Amino acid sequence: MKFFHTADWHLGKLVQGVYMTEEQRFVLNQFIEAIDVEKPDAIIIAGDLYDRAVPPTDAVHLLDEILAEIVLKRNTPVLSIAGNHDSPGRLNFGSKLMKETGLHIVGQIENELKSVVLNDEFGEVHFHLIPYADPSQVRYLLGNSTITTHQDAMEEIVRLIERDLDPAKRHVFVGHAFVTPQGQQEGNTSDSERPLAIGGVEYVDAALFKSFQYTALGHLHQAHYVLNETIQYAGSPLKYSISEEHHKKGFYIVNLDQKGNVTLEKKLLTPNRDMRTVEGHLQDILKQPASEDFVFVKLLDETPIISPMEQVRTVYPNAMHVERKAFQRSTRMEQKEQSSRSKMDDFTLLQAFYTEVSGEEPCEETKNLFKEVIDGLMMDEREGVTKG
């Protein structure tokens, strides 16, 4: 059986005040084209179809359009679950009716864990769709008061699945969780990933999924495997923060043979506009070729710049952020400056501030500029007192 594994579409995503809906439509059209070429037996979407519980109308229309293209026009089943960004109730609505068309969306976990069964020339493949659920929800639903963490909840869920699991069949687990090799704490792969819990209680041990021929995961935005190559994060189809700048976005084409052996192919998606960092002095940046990319600009200029974003957007009209690159400073210097700051006159204080920001002592030209500014302010103040 051949199926696509994708996740974390985050339709309706807002990045630096810019809705990504049209960018999402661009890559999802490529996804549709890949379906036409590869003709998979099913599509897995492992959670976070939307970016928020109440998505904008354009995002709802886009999901409806894409699912109709896959399920209705191409007769390809879609197996999807809710992620931690989704509204379980909204995704679950009408799910019983939609199953008849081949659209299987599980928004809320139930105490009776039924699999979706698809067939190929070798027989049945059981897809176990487990949406994101808080441990307290699982504790209440399953009536198990010992469940307090995500690890506890997943252990109980997998135990219930394994209780009725037919080892003669092939099994695929679809989940939305923070899975690590031994359940240990690890950092997120992106700034745009919302924490599932506070502290170290959100992590799940990958060893739990040993009974499944393939585990299709969502939540982390960088595609990677955990423990072994049968436990995979597909990652998001687009970059949703500058922390994802170096991610290779796409989806997996998964082939499951008669014995349950897995072969994988990573299919990359090409964005309409890339998201990347541009670093340099403003005058050098203004000489670069114009680009529609979403850029985050780090300026190396030491002198003040008037309206930097307006200037940057003459070259990069979709620039999302402009900042001055931070310079490192020694802890000893910082402590020394803090202890003596209250004793400084205005001129010395301004020099110290300049050094703290730029990491260098001001030159004579800059010092003379400081003096002119301070003298001007003092003159204005004196004139104000005289007029009063």
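Scope of this entry: the structure provided in the associated data block.

So, how was this worked out
- Residues numbered from 1 in each chain as written.
- Predicted model: local features only at pLDDT ≥ 70, side-chain atom pairs only at ≥ 80, totals over all residues.
- Heavy atoms only, no water.
- Helix = DSSP H or I, 4+ residues; strand = E, 2+ residues; numbered from the N terminus.
- Buried < 20%, exposed > 50% of the residue type's maximum accessible area, 1.4 Å probe, protein only.
- Contact = heavy atoms within 4.5 Å.
- Expected span 1.5 Å × (residues − 1).
- Phe/Tyr/Trp six-rings, centres within 6.5 Å; stacked < 30°, edge-to-face > 60°.
- Lys NZ or Arg CZ within 6 Å of the ring centre and 35° of its normal.
- Axes fitted to C-alpha atoms, helices over the stretch in contact; angles between N-to-C directions.
- Parallel < 35°, antiparallel > 145°, perpendicular 65-115°, else oblique.
- Left-handed = near helix turned anticlockwise from the far one by under 90°.
- Nonpolar A, V, L, I, M, F, W, Y, C, P; charged D, E, K, R; others polar.
- Pairing = 2+ DSSP bridges.

**Comments concerning the environment of Met-1**
Thinking step 1. Mapped onto the elements, Met-1 comes out in the segment before strand S1 (2–6).
Thinking step 2. Residue classification places Met-1 among the buried positions, given a relative accessible area of 7%.
Thinking step 3. For the pair formed by Met-1 and Asp-120, sequence separation is 119 residues and the distance between their alpha carbons is 6.0 Å.
Thinking step 4. Look past the residues within four positions of Met-1 in its chain and what remains in contact with it is Asp-41, Leu-118, Asn-119, Asp-120, Val-125, Phe-127, Arg-170, Val-254, Asn-255 and Leu-256.

**A look at helix H2 (residues 57–73)**
Thinking step 1. The end-to-end C-alpha distance of H2 is 23 Å, a good match for the 24 Å that 17 residues give at a rise of 1.5 Å each.
Thinking step 2. For H2, the complete set of buried residues consists of Ala-59, Leu-62, Leu-63, Ile-66, Leu-67, Glu-69, Ile-70 and Val-71.
Thinking step 3. Taken together, the buried residues of H2 touch helix H1 (21–38), strand S4 (42–45), strand S5 (78–81) and strand S6 (103–106).
Thinking step 4. Note on H2: the residue one or two positions beyond its end, Asn-75, has a positive phi of about 55°.

**A few points about the packing of aromatic side chains**
Thinking step 1. A complete count under the given rule lists 9 aromatic pairs for this structure.
Thinking step 2. Relative to Phe-209, the ring of Phe-173 has its centre 4.9 Å away and its plane inclined at 50°; by these criteria the two rings are tilted. With Phe-173 in strand S9 (residues 170–176) and Phe-209 in the loop between strand S11 (203–205) and strand S12 (214–218), this residue pair connects regions lying 36 residues apart in the sequence. As far as burial versus exposure is concerned, Phe-173 and Phe-209 are alike and both buried.
Thinking step 3. Taken together, the ring pairs in this structure connect Phe-4, Trp-9, Phe-31 and Phe-251 into an aromatic cluster.
Thinking step 4. The ring of Tyr-252 carries the charged tip of Lys-266 above its face, separated from the ring centre by 5.7 Å.

**Observations regarding the packing of helix H5 (residues 135–142) against helix H6 (residues 150–163)**
Thinking step 1. Where H5 contacts H6, the two axes come as close as 8 Å, and the packing angle between them is 40°. It follows that H5 is oblique to H6 by the angle criterion. When the axes of H5 and H6 are compared, the crossing they make is left-handed. Contacts between H5 and H6 involve Pro-135, Val-138 and Leu-142 from the former and His-150, Ala-153, Glu-156, Ile-157 and Leu-160 from the latter.
Thinking step 2. Within the contact of H5 with H6, the residues separate by chemical class into 6 nonpolar, 1 polar and 1 charged.

**A closer look at the sheet that holds S9**
Thinking step 1. An order of S7-S8-S9-S12-S14-S13 is seen for the 6 strands of this open sheet, with the pairing classed as mixed. Each of the sheet's edge strands pairs with one partner strand only, and the pair in question is strand S7 (116–120) and strand S13 (224–226). On average, each strand axis in the sheet is inclined to that of its neighbour by 30°, with strand direction left out of account.
Thinking step 2. Bridge analysis of S9 against S12 gives 5 bridges, and the strand direction is parallel. By the bridge assignment for S12, Phe-173 is matched with Thr-215.

**Focus: the environment of Glu-65**
Thinking step 1. Take Glu-65: it is sitting in helix H2.
Thinking step 2. A residue is classified by how much of its surface remains accessible, and Glu-65, at 33% relative accessible area, is partly exposed.
Thinking step 3. On a C-alpha basis, the gap between Glu-65 and Arg-25 in space is 9.7 Å, while along the polypeptide they are 40 residues apart.

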